[in-house]
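So the chains spell out like this:
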Amino acid sequence: QVQLVESGGGLVQAGGSLRLSCAASGRTYSSYVMGWFRQAPGKEREFVAASSWIGGSTYYADSVKGRFTISRDNAKNTLYLQMNSLKPEDTAVYYCAAGPRISSSGVSIAAKYDYWGQGTQVTVSS
């Protein structure tokens, strides 16, 4: 079992920055893929970024490439999402997710992840 707790959300003006954190506890195997997803009101949950826990491979949705950076501190079992140049369309609840043995072709698929945090709200004003 893996527990995930997100933090760092808030209200920011367009063009601003936020850093989200996801603290993982429990059975945090090194083979787990960790990811960020988001869900805006009335929309489906969508992939944002993912990182293998070892090896350092990272993956991004086209909509956030060049603006968001995913990283992790293995010693602290913490995943981060640095979000720069935020836009109003980035407004959503952001979720941290974890899953074992997810292939590179599956990192953007929410159903591949076994564990989810409670979410943190990010609101970008225009």
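### Section: the pairing of strand S8 (residues 78-83)
Within S8, five of the six residues are buried, which leaves the element mostly enclosed by the surrounding structure. Pairing of strand S3 (residues 18-26) with S8 involves six bridges; the strand directions are antiparallel. When the bridges of S8 are listed, Ala23 appears paired with Thr78. Bridging between strand S7 (residues 68-73) and S8 involves six bridges; their strand directions are antiparallel. Residue pairing in the sheet places Asp73 in a bridge with Thr78 of S8. Two successive antiparallel strands, S7 and S8, enclose a turn made up of four residues, where Asn77 displays a positive phi of approximately 50°.

### Some words on the sheet that holds S8
Two orientations exist for strands paired in a sheet by backbone hydrogen bonds: parallel and antiparallel. The strand order across the open sheet built from four strands is S1-S3-S8-S7, with neighbouring strands paired in antiparallel fashion. The open sheet is flanked by strand S1 (2-7) and S7, the only strands paired with a single partner. If you compare each strand with its neighbour and ignore which way they point, the axes differ by 20° on average.

Definitions and cut-offs
- Residues numbered from 1 in each chain as written.
- Predicted model: local features only at pLDDT ≥ 70, side-chain atom pairs only at ≥ 80, totals over all residues.
- Heavy atoms only, no water.
- Buried < 20%, exposed > 50% of the residue type's maximum accessible area, 1.4 Å probe, protein only.
- Helix = DSSP H or I, 4+ residues; strand = E, 2+ residues; numbered from the N terminus.
- Pairing = 2+ DSSP bridges.
- Axes fitted to C-alpha atoms, helices over the stretch in contact; angles between N-to-C directions.

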